[in-house]
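Here is how the chains run, residue by residue.
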Number of protein chains: 2
Amino acid sequence: MTDVTTAAEYSDAHKSRAKAWFERLRDDFCKALEDIEDAVTGPNGTSARAPGRFERKSWERPGDAAGTMGGGGVMAVMRGGRVFEKAGVNVSTVMGEFSEEFRQRIPGAAEDPRFWASGISTVIHPNSPLVPAAHMNTRMIVTTQGWFGGGGDLTPVFPDAADTDQFHGAFKTACDAHDPAYYPKFKEWCDRYFFLPHRNEARGVGGIFYDQHNTGDWDADFAFTQDVGRAFAKVYPEIVRKHMNKTWTTDDREAQRVKRGRYVEFNLLYDRGTIFGLQTGGNTEAILMSLPPDVAWP
Amino acid sequence: MTDVTTAAEYSDAHKSRAKAWFERLRDDFCKALEDIEDAVTGPNGTSARAPGRFERKSWERPGDAAGTMGGGGVMAVMRGGRVFEKAGVNVSTVMGEFSEEFRQRIPGAAEDPRFWASGISTVIHPNSPLVPAAHMNTRMIVTTQGWFGGGGDLTPVFPDAADTDQFHGAFKTACDAHDPAYYPKFKEWCDRYFFLPHRNEARGVGGIFYDQHNTGDWDADFAFTQDVGRAFAKVYPEIVRKHMNKTWTTDDREAQRVKRGRYVEFNLLYDRGTIFGLQTGGNTEAILMSLPPDVAWP
């Protein structure tokens, strides 16, 4: 674990800036995906559909009068688009108290169980088996300590070396601007994290993953987290556009449905965010928005 | 936990009898499902298919010369039948040692980590949304202690009171022949076990569940476990036959695919057998045979 400083540095102003950033990133990213919906020529009959649009639904977490519990979020979901079969972009900002069980496992929570957390999380499942699925999330957490975490990874059905290089290259550029040690460390962390031991398989072709990130310089750490989000929001649409007009076969689609089964296995068996969210009374609908729309275990 | 006696009573002869029973139950149950494949008239175009048949595939667990590690099993799977989209019946008999992590949690394993386990497990996913999915498993476990466990539950998409009564009635009759206290206790255990807290939903309409069952009379406990298996192998085909010739709609099918998503969520998030099997190096293909063939998270 990184040495994290006390939350005294994580002021209300910092919280507001982080929350506003996650919301702006959400707006920019949703726009980029909607632009793709307009631009695609629509293989496999998908041009017959209207261009997909995000629908937003807000939810609230039960609160108290003192404002130490509560908050909520907005789920932005596109379903049945020309390119995107299901794309979810959730932003939430919540306050609460960790249960006894979690207090020993979360930095700074043993001293005081209260927390504040804000973040963006997105998972995209395209119609086309030739367009990779992808995930990105970044978050800021405050207990008696404070830190950033996040990352992004790419899950193609048929890995393409050029896509993999482009995806990793974007994150490397974002990382290198802050510290040349970040990319190798966070890439390796991603490879270790997004792995299915029971299949002896990686979930996809990786990306970066970082957590409990606090260098003692909030502005630098926030700028890094912003750059991770920007890098993803730029490179993923670029990769989608390279493949979105290609026709696929029913065999390609079946391979995609099976690959999506592995995605479900990972998220429900291993993903800390999913399990943590469900166990701490998070919004089930928002948390499980990550699950693919059409899946096979033949 | 039931007070379990030492494994001295669980002789090699007992192990052989239990193993032989699980294999015979498998054969009888597979035959009952294949008879249904021959008998169905085939709604929604399924009569165009050949009647489904089970295919068997054996697997081995890495062993040692002393015979304290090893064993294996047989997966019997029917895919793409007229009635059964995917039906798996696994029988396995394995020997090994519990890891440090498990020794404190498994009765009798703290004293000696070696175990022997044999059992049958079946999960059936019909094509028709009007035919309930079902699960049954029974097993005998030997550490320095020994016990039986198992149960069965029914998961309809559209619960039918007559089916529910018939399914529960069959288990109640099986239980009452041994002890009138069994059915209420094991029904309640099933309701508690097959529950998805994050959805605040039951997995299905229940059945029975029992574990660490050792009354001190091996013959009685074995006879009870046999009766549980027989009850399921008789009542489930009866329920299937009541509904198998009914035509369903595409909306019914979509509801089934969503309901199956809940089944996946339960098995990967909560099912002890699944998580235990995957964490102890069990056969992944056999363990995840329980997952439905075609699933939606819209």
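About the criteria used
Residue numbers here run from 1 along each chain, matching the order of that chain's written sequence. Both sets of labels track the order of writing: A upward for chains, 1 upward for ligands. Residue-level local features of this predicted model are given only where pLDDT is at least 70; pairs of side-chain atoms are given and counted only at 80 or more, and the full residue set underlies all totals for whole chains, interfaces and linings. Side-chain figures throughout are based on the complete set of non-hydrogen atoms in the structure, without hydrogens or water. Numbering of helices and strands runs from the N terminus, with a helix taken as a DSSP run of H or I at least four residues long and a strand as a DSSP run of E at least two residues long. Computation of the radius of gyration draws on C-alpha atoms, with the globule rule given as 2.2 Å multiplied by the number of residues to the power 0.38. The cut-offs for exposure are 20% and 50% of the maximum accessible area for each residue type, with area from a 1.4 Å probe on protein chains only; residues under the lower value are buried, those over the upper are exposed, and the others partly exposed. Here, two residues are considered to be in contact whenever any of their heavy atoms come within 4.5 Å of each other. Note on areas: Shrake-Rupley, 1.4 Å probe, and residue coverage restricted to the protein chains presented here. In this count, Lys and Arg are taken as positive residues and Asp and Glu as negative ones, while His and the chain termini are left out. In plain terms, the charge of a residue is placed at NZ if it is Lys, CZ if Arg, CG if Asp and CD if Glu. Whether two strands pair depends on DSSP finding at least two bridges between them. Side-chain atoms alone can form a polar contact between residues adjacent in sequence; in general such a contact is a pair of N or O atoms within 3.5 Å, and within protein one must be able to donate a hydrogen while the other accepts it. Two parts placed together each lose some accessible area under a 1.4 Å probe, and the buried area is that loss summed for both. For this analysis, a salt bridge means a side-chain nitrogen from Lys or Arg found within 4 Å of a carboxyl oxygen belonging to Asp or Glu. Overlaid copies result from least-squares superposition on C-alpha atoms, with residues included only where pLDDT is at least 70 in both. When the centres of two rings from Phe, Tyr and Trp lie within 6.5 Å, Trp using its six-membered ring, the rings pair. Their planes under 30 degrees apart give stacked, over 60 give edge-to-face, and anything left gives tilted. Sitting over a ring, as applied to charges here, requires NZ of Lys or CZ of Arg to be within 6 Å of the ring centre and within 35 degrees of the ring normal. Lines fitted to C-alpha atoms define the axes, with helix axes restricted to the stretch in contact, and inter-axis angles between N-to-C directions lie between 0 and 180 degrees.

S.K.: Explanation requested: the overall build of chain A in the structure shown.
M.R.: Within chain A, the regular secondary structure consists of eight helices and nine strands. Taken over the C-alpha trace, chain A has a radius of gyration of 19 Å; the compact-globule value for 298 residues is 19 Å, and the two agree within 12%. Projected onto its principal axes, the C-alpha positions of chain A cover 55 × 40 × 35 Å. Counting across all 298 residues of chain A, residues that qualify as buried make up 58%. Across chain A, every contact between residues at least 6 apart in sequence was considered, and the portion connecting residues at least 24 apart equals 70%. For chain A, the exposed area adds up to about 12,100 Å²; of that, 52% sits on carbon and sulfur atoms. Each charge class in chain A can be summarised by its mean position, and for the 35 positive and 41 negative side chains these summaries are 4 Å apart.

S.K.: What's the story with the pairing of strand β6 (residues 146-155) of chain A in this structure? I'm lost.
M.R.: The side chains of a regular strand alternate between both faces of the sheet. Residue and element names in this part refer to chain A. In terms of residue burial, β6 counts as a mostly covered element, since ten of its ten residues are buried. Burial along β6 is two-sided: G146, F148, G150, G152 and L154 and W147, G149, G151, D153 and T155, pointing in opposite directions, are all buried. Here strand β5 (residues 133-142) folds back onto β6, and the loop between the two strands holds three residues.

S.K.: Is there a simple way to explain the side chain of N214(A) in this structure?
M.R.: Residue and element names in this part refer to chain A. Relative to the assigned elements, N214 resides in the loop between β9 (207-213) and α5 (218-243). A polar contact is formed between the side chain of N214 and the side chain of Y10, at a distance of 3.4 Å. Of the polar contacts made by the side chain of N214, one reaches the backbone nitrogen of G216; its length is 2.7 Å.

S.K.: Would you take a moment to explain the interface of chain A and chain B for this structure?
M.R.: Note: interface size is frequently given as the accessible area lost on complex formation between the parts. Taken residue by residue, the interface counts 21 residues in chain A and 21 residues in chain B. Both sides together, the interface formed by chain A and chain B hides about 1,700 Å², and carbon and sulfur atoms give 63% of it. Between chain A and chain B we count two salt bridges in total. One salt bridge in this structure joins D294(B) and R257(A), with 2.3 Å as the shortest N-O distance. The interface formed by chain A and chain B holds nine residue pairs in polar contact (both at pLDDT 80 or more) in total. Breaking the side of chain A that touches chain B down by element, the ones donating at least two residues are α6 (250-269) and α7 (272-279) of chain A. Of all the elements, α6(A) adds the most residues to the side of chain A that touches chain B, at five residues.

S.K.: Is there a simple way to explain the pattern of salt bridges in this structure?
M.R.: Side chains bearing opposite charge may pair, as long as their charged atoms lie close to each other. Counting across every chain of the model gives 56 salt bridges over all chains. A salt bridge links D211(A) to R139(A); its shortest N-O distance comes to 3.5 Å. With D211(A) in strand β9 and R139(A) in strand β5, this residue pair connects regions lying 72 residues apart in the sequence. Taking relative accessible area as the criterion, D211(A) reaches 13% and is therefore assigned buried. In this structure, the salt-bridge partner of E23(B) is K19(B), at a minimum N-O distance of 3.1 Å. Residue E23(B) and its partner K19(B) are located together in helix α1 (residues 12-39), separated by four residues, close to a single helical turn. Here K19(B) falls in the partly exposed class, since its relative accessible area comes to 33%.

S.K.: Can you help me understand the relation of the copies chain A and chain B in this one?
M.R.: Copy one and copy two of the chain differ by a rotation about an axis and a translation along that axis. For the match of chain A to chain B, the screw axis carries a shift of 0.0 Å, the RMSD comes to 0.0 Å, and the turn is 180°. Those values place the two copies in the arrangement expected of a two-fold rotation axis. Using C-alpha coordinates, one finds that chain A approaches the rotation axis most closely at V295(A), a distance of 2.5 Å. Taken together, the interface assignments show that 100% of the residues at the interface of chain A recur at the interface of chain B, consistent with an identical surface on both copies.

S.K.: Where do I start with the packing of aromatic side chains in this structure?
M.R.: Each aromatic ring pair is summarised here by two numbers: the centre-to-centre distance and the angle between the ring planes. All names here are of chain A. Taken as a whole, this structure holds 50 aromatic pairs over all chains when the rule is applied. Pairing F266 with Y270 gives two aromatic rings, centres 6.0 Å apart and planes at 45°, and the pair type is tilted. Classification of F266 by relative accessible area gives buried; the value is 0%. The exposure class assigned to Y270 is partly exposed, which follows from its relative accessible area of 27%. Pairwise contacts between aromatic rings join Y182, F186, W189, Y193, F194, F209, Y210, F224, F266 and Y270 into one cluster. The ring centre of Y263 lies 4.1 Å from the NZ or CZ of R203, which sits over that ring.

S.K.: Can you walk me through the sheet that holds strand β2 (residues 70-79) of chain B in this structure?
M.R.: In a beta sheet, neighbouring strands are held together by backbone hydrogen bonds and run either parallel or antiparallel to one another. All names here are of chain B. Here seven strands make up an open sheet; going across it, the order is β1-β2-β3-β4-β5-β6-β9 and the pairing antiparallel. The sheet is open, and its two borders are formed by β1 (55-60) and β9 (207-213), each paired with just one other strand. On average, each strand axis in the sheet is inclined to that of its neighbour by 10°, with strand direction left out of account. Relative to β2, β1 runs antiparallel, the two sharing six bridges. Its bridge partner lying in β2, W59 is registered against G73.

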